[in-house]
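# Results of the structural survey
What follows is the residue order along each chain.
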Amino acid sequence: MLSRVRFLVATLWAGSLWTVGFVVAPTLFATLSDRMLAGAIAGSLFRVEAWLSIACALILLALLQWGAGALEPKRRRLLGALVLAMLVCTLVSYFGITPLMAELRAQAPSGVMDDAMRSRFGMLHGVSTLIFAVQSLLAGVLIWKQQ
């Protein structure tokens, strides 16, 4: 029973990551002519995604502890490491990079950034995107290794 719940939580987490990051956010930017509005909506979605990720990680770590007897130790360590790596991706991105990006946006309330700010914002966004891509790949591995 715990393995099914664990699989369900991992699938929810991976599916939410993939849906928000690779379907919804790009669709917002492709559909809305106002990039600031698209960015604000995407930011709200990624905030919800970050908290969902934290919740899923904590639930999965608890399930790995409670169902430890049902898993061989090597597999339990691998799943735990994947969950922790994904959690670190969320924490670094949401609590480390996102506030820096928000600070840059706040310094340009009209949405117009000078070249240095735009360059820094682009770099931070690129790092955030890379972290999200790594987390998304780890999510695939997590789902694959559940079976």
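Each chain carries its own residue numbering, running from 1 in the direction its sequence is written. Only residues with pLDDT of at least 70 are given local features in this predicted model, and only at 80 or more are side-chain atom pairs given and counted; all residues enter the totals for whole chains, interfaces and linings. To obtain the side-chain values, all non-hydrogen atoms of the structure were included, while hydrogens and water were left out.

### Here's the deal with the overall build of the protein chain
When its secondary structure is counted, the protein chain shows four helices and zero strands. Listing the helices and strands of the protein chain from first to last along the sequence gives α-α-α-α. Counting only C-alpha atoms and orienting by the principal axes, one finds that the protein chain spans roughly 55 × 25 × 20 Å. We call two residues in contact whenever any of their non-hydrogen atoms come within 4.5 Å of each other. Considering only intrachain contacts with a sequence separation of at least 6, the fraction spanning at least 24 residues in the protein chain is 73%. Of the roughly 8700 Å² of accessible surface on the protein chain, 71% is carried by carbon and sulfur atoms. Charge convention: Lys and Arg are scored as positive, Asp and Glu as negative, and His as well as the terminal groups of each chain are ignored. Each charge is placed at NZ for Lys, CZ for Arg, CG for Asp and CD for Glu. Of the charged side chains in the protein chain, 12 are positive and 6 negative, and the gap between their average positions amounts to 17 Å. Helix and strand assignments follow DSSP, with helices taken as H or I runs no shorter than four residues and strands as E runs no shorter than two, numbered in order from the N terminus. Note that accessible areas follow from Shrake-Rupley with a 1.4 Å probe, and for residues the cover is restricted to the protein chains shown.

### Details of the environment of Ala133
Here Ala133 lies in helix 4 (residues 115-146). Judged by relative accessible area, Ala133 falls into the partly exposed class, the value being 29%. Between the C-alpha atoms of Ala133 and Gly43, which are 90 residues apart in sequence, the distance is 16 Å. Accessible area is worked out with a 1.4 Å probe on protein chains only. A residue is then buried under 20% of its type maximum, exposed over 50%, and partly exposed in between.

### Topic: the packing of helix 1 (residues 2-31) against helix 4
For the pair helix 1 and helix 4, interaxial distance at closest approach is 9 Å and the crossing angle is 150 degrees. Comparing the axis directions of helix 1 and helix 4 gives the class roughly antiparallel. Relative to helix 4, helix 1 is oriented so that their crossing is left-handed. Touching Arg6, Phe7, Ala10, Thr11, Trp13, Ala14, Leu17, Trp18, Gly21 and Phe22 of helix 1 are Phe132, Gln135, Ser136, Ala139, Gly140, Leu142, Ile143 and Gln146, all from helix 4. Side-chain classes are defined by residue name, with Ala, Val, Leu, Ile, Met, Phe, Trp, Tyr, Cys and Pro counting as nonpolar, Asp, Glu, Lys and Arg as charged, and the others, Gly among them, as polar. Residues of the contact of helix 1 with helix 4, tallied by class, amount to 11 nonpolar, six polar and one charged. Angles run from 0 to 180 degrees between N-to-C directions of axes, and those axes are lines fitted to C-alpha atoms, restricted for helices to the stretch in contact. Orientation categories follow fixed angle ranges, with anything under 35 degrees roughly parallel, anything over 145 roughly antiparallel, 65 to 115 roughly perpendicular, and all other angles oblique. Crossing handedness is read from the near helix: turned anticlockwise from the far helix by less than a right angle, it gives a left-handed crossing, and turned clockwise, a right-handed one.

### Looking at the nonpolar core
Trp13, Leu60, Met86 and Leu142 are the most contacted members of the largest nonpolar core, which has 32 residues in total. At the level of elements, helix 1, helix 2 (35-66), helix 3 (73-107) and helix 4 are the ones that each hand at least two residues to this core. Among residues more than four places away in sequence, those in contact with Trp13 are Glu49, Ser53, Cys56, Ala57, Leu60, Val83, Met86, Leu87, Gln135 and Leu142. The nonpolar core is taken to be a set of buried Ala, Val, Leu, Ile, Met, Phe, Trp, Tyr and Cys residues, with the residues joined through side-chain atoms within 4.5 Å.

### Examining the side chain of Arg6
Inspection of the secondary structure puts Arg6 in helix 1. Buried Arg6, no salt bridge; nearest opposite-charge side chain is Glu72, N-O distance 10 Å. Aside from chain neighbours lying at most four places away, what touches Arg6 is Leu60, Leu63, Leu64, Leu71, Leu79 and Gln146. By convention in these notes, a salt bridge is any Lys or Arg side-chain nitrogen within 4 Å of a carboxyl oxygen on Asp or Glu.

Take it as geometry only, folks, not as evidence of what the structure does.
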